[in-house]
Amino acid sequence: TAAGAHPIVAQDIPRTQLRWRRILEQVNSDDEQKWRLAIMEADIMLNDLLDVLGYKGETMTDKLKRVTIEAWNTIDFAWEAHKIRNRVVHDGALYKLDAREASRVIKMYERVFKEFKYIE
């Protein structure tokens, strides 16, 4: 849709929703660097969600380890997406990322965020 098609005042949209929209724009581009940024940003959002929900820990892994399957239906998606994010960050260019895989990873984050109504 054209940018002007739906005039919405930015303040009407929560910051998290704006962040998510930017992530979707990045993952839908044809630029592998943007896909990597999208995954990294989605992972930061996941860390923020863990904080909001009160999970404590030095690292995200520590926080995720405190989550039970009873508490989160989507915990497996959170783990898998986070592991791929780690490979994207630590293996850099050695970790080959294609559009399909980038999209799959973002969809895992999306399922987690939607479970907690973190995004619409």
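As shown above, the structure is provided for reference.
Figured I'd write up the structure that's included with this text. (Residues numbered from 1 in each chain as written. Predicted model: local features only at pLDDT ≥ 70, side-chain atom pairs only at ≥ 80, totals over all residues. Heavy atoms only, no water.)

**Topic: the overall build of the protein chain**
(1) Moving on: Summing up its helical and strand segments, the protein chain has 5 helices and 0 strands in all.
(2) Moving on: Counting helices and strands in the order they occur from the N terminus, the protein chain gives α-α-α-α-α.
(3) Moving on: The buried share among the 120 residues of the protein chain stands at 37%.
(4) Moving on: Nonlocal contacts in the protein chain, meaning residues at least 24 apart in sequence, comprise 59% of its contacts between residues at least 6 apart. (Helix = DSSP H or I, 4+ residues; strand = E, 2+ residues; numbered from the N terminus. Buried < 20%, exposed > 50% of the residue type's maximum accessible area, 1.4 Å probe, protein only. Contact = heavy atoms within 4.5 Å.)

**Things to note about the pattern of salt bridges**
(1) Moving on: For the structure on display, the rule yields 9 salt bridges.
(2) Moving on: Of the charged contacts in the structure, one is a salt bridge between K63 and D51, with a shortest N-O distance of 2.6 Å. Of this pair, K63 sits in helix α3 (residues 60-65) while D51 is found in helix α2 (residues 32-52), placing the two residues 12 residues apart along the sequence.
(3) Moving on: Judged by relative accessible area, which is 7%, K63 ranks as buried.
(4) Moving on: Judged by relative accessible area, which is 39%, D51 ranks as partly exposed. (Salt bridge = Lys/Arg side-chain N within 4 Å of Asp/Glu carboxyl O.)

**Section: the environment of R22**
(1) Moving on: With respect to the element layout, R22 can be found in helix α1 (residues 15-27).
(2) Moving on: Sequence spacing of R22 and A42 is 20 residues, and the spatial spacing of their C-alpha atoms is 10.0 Å.

**Comments concerning unusual backbone geometry**
(1) Moving on: Non-glycine residue K117 carries a positive phi angle of around 55°.
(2) Moving on: Mapping K117 onto the fold places it in the segment after α5 (99-115).
(3) Moving on: We classify K117 as exposed; its relative accessible area is 71%.

**A word on the packing of α1 against α5**
To characterise two packed helices, one gives the angle between the axes of the helices and the distance between these axes.
(1) Moving on: Look at α1 against α5: their axes get within 10 Å of each other, and the N-to-C directions meet at 165°. As summarised for this structure, α1 and α5 are arranged roughly antiparallel, according to the angle between their axes. In terms of crossing hand, the pair formed by α1 and α5 is left-handed. Note on element contacts: α5 touches α1 through A102, S103, I106, Y109, E110 and F113, opposite W20, I23, L24 and V27.
(2) Moving on: By residue class, the composition of the contact of α1 with α5 is 8 nonpolar, 1 polar and 1 charged. (Axes fitted to C-alpha atoms, helices over the stretch in contact; angles between N-to-C directions. Parallel < 35°, antiparallel > 145°, perpendicular 65-115°, else oblique. Left-handed = near helix turned anticlockwise from the far one by under 90°. Nonpolar A, V, L, I, M, F, W, Y, C, P; charged D, E, K, R; others polar.)

**Points about the nonpolar core**
(1) Moving on: Core analysis: the largest hydrophobic core is formed by 32 residues, its most contacted members being W20, L46, L50, W72, I106, Y109 and F113.
(2) Moving on: When residues of this core are traced back to their parent elements, those giving at least two are α1, α2, α3, α4 (75-91) and α5.
(3) Moving on: In this view, F113 contacts W20, A42, M45, L46, L49, Y118 and I119; residues no more than four positions away in its chain are not counted. (Core = buried A, V, L, I, M, F, W, Y, C linked by side-chain atoms within 4.5 Å.)

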